[in-house]
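Summary of structural features
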Amino acid sequence: SQNKLIEKFGITDTEKFLEDYRAVRKKHFLAADFSRKNQWLELQEIYGVDAGEEFLDNLENEYWAFVINAMKLFPEVEEVLVSLGKKYKLGMICNSQVDGASRALQSPEFGRAQKFFDHCILSGENGVPAKPSPVPFNMMLEALDVKPEEAIFIGDDYRVDIEGATGAGISPVW
């Protein structure tokens, strides 16, 4: 995606563009806006170019198709989740967004993992605020009938998962 944008925007200073790209991506991520197109629209404004709606739509579709096809569970995931599920209630909270990350949830690998959980919440959709808001964490606790001090939350993103779980009174594992 970045290389196509660099070419389409006529960028000559690649390092500056990548610096701007990372800053814009971080800003959108912190706002729980996972749409690459929204990031690219902001970059268009910064660079005073118009790549066109069709180009950006196609680029976003290509991006999410890549994510869906590249997503693979680690080989031990099924065994670990089956083992944990025999002893504990399992819940999964995924940040999503109708025009972005929810496309990744279409991956067959996501479906393979999802079946091992007692309850799943897509935060960022249907009025449920995205993590790190404590709302989806509290919803999960209620759905599983578990108190915060009885739960742990395993996450891969410090700000969204670890700070979010901590804000809901749940012990995080990172």
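These numbers come from a predicted model, not from an experiment.

Rules behind the numbers
Residues numbered from 1 in each chain as written. Predicted model: local features only at pLDDT ≥ 70, side-chain atom pairs only at ≥ 80, totals over all residues. Heavy atoms only, no water. Helix = DSSP H or I, 4+ residues; strand = E, 2+ residues; numbered from the N terminus. Buried < 20%, exposed > 50% of the residue type's maximum accessible area, 1.4 Å probe, protein only. Contact = heavy atoms within 4.5 Å. Areas by Shrake-Rupley, 256 points an atom, 1.4 Å probe, with all protein chains shown as cover. Lys, Arg positive; Asp, Glu negative; His and termini not counted. Charge placed at Lys NZ, Arg CZ, Asp CG, Glu CD. Core = buried A, V, L, I, M, F, W, Y, C linked by side-chain atoms within 4.5 Å. pLDDT = per-residue confidence, 0-100. Patch = residues over 30% accessible without salt bridge, like charges linked within 9 Å, V, L, I, M, F, W, Y side chains within 5 Å. Salt bridge = Lys/Arg side-chain N within 4 Å of Asp/Glu carboxyl O. Pairing = 2+ DSSP bridges.

Description of the overall build of the chain
Each helix and strand counted, the chain has eight helices and four strands in total. Taken from N to C terminus, the helices and strands of the chain fall in the order α-α-α-α-α-β-α-β-α-β-α-β. Oriented by its inertia axes, the alpha-carbon framework of the chain measures out at about 55 × 30 × 30 Å. Expressed as a percentage of its 174 residues, the buried residues of the chain come to 39%. Nonlocal contacts in the chain, meaning residues at least 24 apart in sequence, comprise 56% of its contacts between residues at least 6 apart. For the chain, the computed accessible surface area is about 10300 Å², with 53% contributed by carbon and sulfur atoms. Of the charged side chains in the chain, 19 are positive and 29 negative, and the gap between their average positions amounts to 4 Å.

What to know about the nonpolar core
Core analysis: the biggest nonpolar cluster contains 13 residues, and Leu5, Phe9, Phe17, Tyr21, Trp40 and Leu43 have the highest contact counts within it. Counting residues per element, the ones that place at least two in this core are helix H1 (2–9), helix H2 (14–30), helix H3 (36–47) and helix H4 (53–70). Ile121, Leu144, Ala168 and Ile170 belong to the second largest nonpolar core, which has twelve residues in total.

Some points on the confidence of the model for the chain
Of the residues in the chain, 95% reach a pLDDT of 70 or more, and the chain-wide mean stands at 89. Averaged pLDDT values for the elements of the chain fall to 86 in helix H6 (residues 108–114) and rise to 97 in helix H7 (residues 134–144).

Here we look at a negative patch on the surface
Judged by side-chain charge, Glu142, Asp145, Glu149 and Glu150 come together as a negatively charged surface patch. We classify aspartate 145 as exposed; its relative accessible area is 64%.

Focus on a nonpolar patch on the surface
On the surface, Val80, Leu84 and Tyr88 cluster together into a nonpolar patch covering about 260 Å² of accessible area. Mapping tyrosine 88 onto the fold places it in the loop between helix H5 (77–87) and strand E1 (91–95).

Overview of the pairing of E1
Regular strands place their side chains on alternate faces of the sheet. A large share of E1 lies buried, amounting to four of its five residues. Note that E1 and strand E2 (residues 119–123) share five bridges and pair parallel. Bridge pairing links methionine 92 to cysteine 120 in E2.

Notes on the side chain of aspartate 20
Tracing the backbone through its elements, the reader meets aspartate 20 in helix H2. Residue aspartate 20 is classed as buried on the basis of its relative accessible area of 13%. Once residues lying within four places of it in the same chain are set aside, the contact partners of aspartate 20 are Leu43, Ile46 and Tyr47.

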